[in-house]
Amino acid sequence: MKLSLSLVVVLTAQLLTQATSASTEIFLRGLEVPWAMDFAPDGRIFLAERPGRIRVARDGQLQPAPWMVIEVADVSEAGLLGIALDPQFAQNRFVYVAYTHRGAGGRLVNRLVRLRDDPTTGRGTVDRVLMDEVQGAPNHDGGRVRFGPDGRLYWTVGDAQQQQLAQDRASPNGKILRLNPDGTIPADNPFANSPVYSYGHRNPQGLAWQPGTRRLYATEHGPSGGQGCCRDEVNYIEPGGNYGWPVITGDERRDGMVPPIVHSGDRATWAPGGAVFVTRGPWAGSLLFTGLRGQALYRVVLDPNDPRRVVTFETRFEGQFGRLRDVVEAPDGALYLLVSNRDRRGSPAADDDRVIRLLIR
Amino acid sequence: MRGLRAGALAVLTAAGLASAYEAPPALEAGATPLPPVALRRIAIGLTQPVYVVHAGDGAGRLFVVEQAGVIRIVRDGQLLRAPFLDVRRRVIAGGELGLLSVAFHPRYATNGRLFVNYTTDGGNLRTVIAEYRVSAGNPDVADVAERVLLEIAQPFRNHNGGLNLFGPDGMLYVGMGDGGSGGDPFNNGQRLDALLGKLLRIDVDGATPYRTPPNNPFVGRGSARGEIWAYGLRNPWRFSFDRGTGRLFLADVGQNAWEEVDLVEKGQNYGWNIMEGTHCFNPPTDCNTNGLRVPIAEYGRADGCSITGGYVYRGPRIPGLVGRYLFGDYCSGRVWALSETAPGRWAAAQLLETGLRISSFGEDQDGEIHIVDHSGGVYVVTAR
């Protein structure tokens, strides 16, 4: 089955690249591991740099002074990870971040914090800690923070290198969590009085909702060691679903566990980062996600009548920019790629890390 | 202990920390004047001590629990070099985790049984309640053989409760936190099918590994856990029975604003996470307070940030203190005395400004009250 899908990929990729043209330009330079980015209605762009700085770009210019500095544990894959602005940012000025820090005793701990943009100083202050003391680890801290179309706050949490936690519904690790913006539990969560939205995840780092259907898709890093290679996943997330880690991976099946809609197989690694659905232009409706190890942008076209069926899978810009951490769509329809060559695993160019602006025509 | 969390917050920005808290009014003054008291240090050089207790065997020893997993003996004002028990290899410590208490069996003098409460990891973080025994040959050393009574999974690294204490009824009471994070995300405090966010009561003599006493309030009630004695707790950080009246005083650490003292009765609901102290928490206004017990005392951030429960003084040396409940705050180092000025009416007054990081109180066998400083000392409260 993997083989036939690959053939489809190659054929359609060629067809579609003929039909569209992509232009890229360097939008920002000199960042350090920009992990996530979001857009304020006043035109400011907020970027989270993994070592702990929240930066702001305005009119295409990176402001030299950080909006806020957070003391994080900048080790291996950990640090300042996701950032998301409140859908009502114009009214409440709330900014949400997830990060790994050193708790008491030096242990790695993940937390989700609500910050506030101070209108007088234009800098960030702490509003409140929404969720705290979530087990951390040098790797597998998840960290994506995004608002869903339902106005709820979603946070991906990795298994913190303790894989059995993913199947423990009383643990926040190895989960996609869903919260109200004030940190309380939504009454319509799949498990009563629990922030758990889906479970059985290893290290999910991309969240994207399909326009129109509001279906949620998530990317997830597959195993890299003793449990075989690769099997990076794209999952169609349904509330309460068990996505199988560490019991099943790849094409394996088990009653009550949901396999991915596509995975990278046993030879190829994407190391998938952020994900987004495109809403405008020739790629409208496509699911995009980035590859760190794969150093590419992946584009998935889904069957509108079958949320689990992949019609097209193509690989773009492979090796062109290096490691790609996240992809976002701006309010004006432009796409931005966050380059991550200074994350201790890449080969940085002089002006890395960059943010690439991508226009598809 | 919660001060550690506040400390971690402070690295974000000092301004953010300040704005996160309200400034509630200070405690009321007590009705009758308090006797002048002082502290006398009886031990120093301990590593992160979190509890002190006597064995009830008339031997005059105090047992100090070090958070990393060691129990040490203080005898005649001397800290013995050799540990009574060292379970560091089993314990995960740091922050609010660790070896958190030990309880000696009411008949310890004859049966040598003791019960520890600690956190461990190895993939699934959990609280362990386990029995050890004193060694046959040396009363100052316990055997390392362990018998586990109960394990309770901990979803987060904070709010572990952790006090084992025998009541006057001979039952073992165990204080469990809500599982941690903030705001009780899994609603454990109000769930009767979970052991987190509860005061538990078990019988260590009736069966193996333990027996659930049939007169516990939720025995036989559907999915409710029979071990539960009282619920709606956030992080009970020390509780005690009044030697004079048998009443159970429990200190429950607050979330953002309010620290509380509860008078705990069988089967009652102490409100978390619907209420924090006497204030609505979830929802923040117009919460349903039906059936909830409110604390007998509470204080806000002007007085401290993490309550540590103590004891009703019943000792012989400070007559003016008899019948008052002493408690303190880990962050501010203050100690208050709480008095019942009329039935059901309570007033607290500040007794001491210690400057200590008060991780626990404790009693010796006579009923003199001790204070444990997390920085490494143990003190006794004396008349001045």
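If you're wondering where the values come from, they're calculated on a predicted model, not measured in any experiment.

Rules used in this analysis
Sequence order as written defines residue numbering, which begins from 1 separately in each chain. To read the labels, note that chains go from A and ligands from 1, taken in the order they are written. Restriction of local features to residues with pLDDT of at least 70 applies here, the model being predicted, together with a cutoff of 80 or more for giving and counting side-chain atom pairs; totals for whole chains, interfaces and linings are based on all residues. Think of it this way: any DSSP run of H or I at least four residues long counts as a helix, any run of E at least two long counts as a strand, and we number them from the N terminus. Note on method: radius of gyration uses C-alpha positions; expected globular size equals 2.2 Å times residues raised to 0.38. Counts of 20 or more other C-beta atoms within 10 Å of a residue's own C-beta define buried residues, counts of 12 or fewer define exposed ones, and intermediate counts define partly exposed ones; C-beta atoms are placed from the backbone. Throughout, a residue-residue contact means that the two C-beta atoms, derived from backbone geometry, are no farther apart than 7 Å. Linking buried Ala, Val, Leu, Ile, Met, Phe, Trp, Tyr and Cys residues through C-beta atoms within 7 Å yields a set, and such a set is a nonpolar core. For two strands to be treated as a pair, DSSP must find no fewer than two bridges joining them. When residues are sorted by character, Ala, Val, Leu, Ile, Met, Phe, Trp, Tyr, Cys and Pro go into the nonpolar class, Asp, Glu, Lys and Arg into the charged class, and all the rest, Gly among them, into the polar class. A fitted line through C-alpha atoms serves as each axis, taken over the contacting stretch for helices, and the angle formed by two N-to-C directions is quoted from 0 to 180°.

Q: Would you explain the overall build of chain B in this entry?
A: Counting secondary structure elements, chain B contains three helices and 27 strands. Here the C-alpha radius of gyration of chain B, 19 Å, is about what a compact globule of 384 residues would show, namely 21 Å. By principal-axis analysis of the C-alpha atoms, chain B measures approximately 60 × 55 × 45 Å. Residues counted as buried form 52% of the 384 residues belonging to chain B. Considering only contacts within chain B whose residues lie at least 6 apart along the sequence, 57% involve residues at least 24 apart.

Q: What is the right way to read the overall build of chain A from this model?
A: From N to C terminus, chain A includes two helices and 25 strands. Here chain A has a C-alpha radius of gyration of 19 Å; the compact-globule value for 361 residues is 21 Å, and the two agree. Buried positions account for 51% of the 361 residues belonging to chain A. Sequence separation of 24 or more characterises 51% of the internal contacts of chain A that already satisfy a separation of 6 or more.

Q: What is the right way to look at the nonpolar core in this model?
A: As a rule of thumb, nonpolar side chains are buried together in soluble globular proteins. With 102 residues, the main nonpolar core has Phe63(B), Val64(B), Val102(B), Val116(B), Leu200(B) and Leu326(B) as its most contacted residues. For this core, the element with the most residues is strand 7 (residues 99-104) of chain B, which contributes five residues.

Q: Would you take a moment to explain the pairing of strand 3 (residues 62-66) of chain B for this structure?
A: In summary, the side chains of a regular strand alternate between the two faces of the sheet. Residue and element names in this part refer to chain B. Most of strand 3 sits out of view: five of its five residues are buried. Because side chains alternate across strand 3, one face comprises the buried residues Leu62, Val64 and Glu66, and the other comprises Phe63 and Val65, equally buried. With five bridges connecting them, strand 2 (residues 49-54) and strand 3 associate as antiparallel partners. If you follow Pro49 over to strand 3, its bridge partner there is Glu66. Of the pairings in the sheet, the one linking strand 3 to strand 4 (residues 70-75) comprises five bridges and is antiparallel in character. Within strand 4, the residue paired with Val64 across the bridge is Arg72. Hairpin geometry of strand 3 and strand 4 is characterised by an intervening segment of three residues between the two adjacent antiparallel strands and by a positive phi of about 130° at Gly69.

Q: How should the interface of chain B and chain A be read in this particular structure?
A: Often, the extent of an interface is quoted as the loss of accessible area upon association of its parts. Taken together, the contact between chain B and chain A spans 29 residues of the former and 30 residues of the latter. Looking at the side of chain B that touches chain A, the elements that each hand over two or more residues are helix 1 (3-10) and helix 2 (14-20) of chain B. With five residues, helix 2 of chain B is the largest single contributor of residues to the side of chain B that touches chain A. In terms of residue class, the side of chain B that touches chain A is built from 14 nonpolar, 14 polar and one charged.

Q: How should I be thinking about the pairing of strand 2 (residues 34-39) of chain A in this particular structure?
A: Residues and elements named next belong to chain A. For strand 2, a buried count of five out of six residues is recorded, marking the element as mostly surrounded by other parts of the structure. Judged from the five bridges that link them, strand 2 and strand 3 (residues 45-49) form a sheet pairing that is antiparallel. Bridge pairing in strand 3 links Ala36 to Ala48. With antiparallel pairing between neighbouring strands as the criterion, strand 2 and strand 3 make up a hairpin whose turn holds five residues, including Gly43 at a positive phi of roughly 100°.

Q: Can you help me understand the sheet that holds strand 12 (residues 153-157) of chain A in this one?
A: Strand pairing in a sheet relies on backbone hydrogen bonds. The paired strands run either parallel or antiparallel. Residue and element names in this part refer to chain A. An order of 11-12-13-14 is seen for the four strands of this open sheet, with the pairing classed as antiparallel. Each edge of the open sheet carries a strand with a single partner, namely strand 11 (145-147) and strand 14 (196-199). Going from strand to strand, the sheet's axes swing by 20° on average, the running direction of each strand aside. Of the strand pairs in this sheet, strand 13 (residues 175-179) and strand 14 are connected by three bridges, and their pairing is antiparallel. Bridge pairing links Leu177 to Val196 in strand 14.

Q: What am I meant to see in the sheet that holds strand 16 (residues 216-220) of chain A here?
A: Residue and element names in this part refer to chain A. With antiparallel pairing, four strands are arranged side by side in an open sheet as 15-16-17-18. Each of the sheet's edge strands pairs with one partner strand only, and the pair in question is strand 15 (204-209) and strand 18 (262-263). Alignment of strand 15 against strand 16, held across five bridges, turns out to be antiparallel. Each bridged residue has a counterpart across the sheet, and for Ala208 the counterpart in strand 16 is Tyr217.

Q: Explain the environment of Glu220(A) here, please?
A: Residue and element names in this part refer to chain A. Here Glu220 shows up in strand 16. Separated by 50 residues in the primary sequence, Glu220 and Trp270 have C-alpha atoms spaced 9.8 Å apart. Once you skip the residues sitting within four places of it in the chain, Glu220 turns out to touch His201, Arg202, Asn203, Pro204, Asp232, Glu233 and Asn235.

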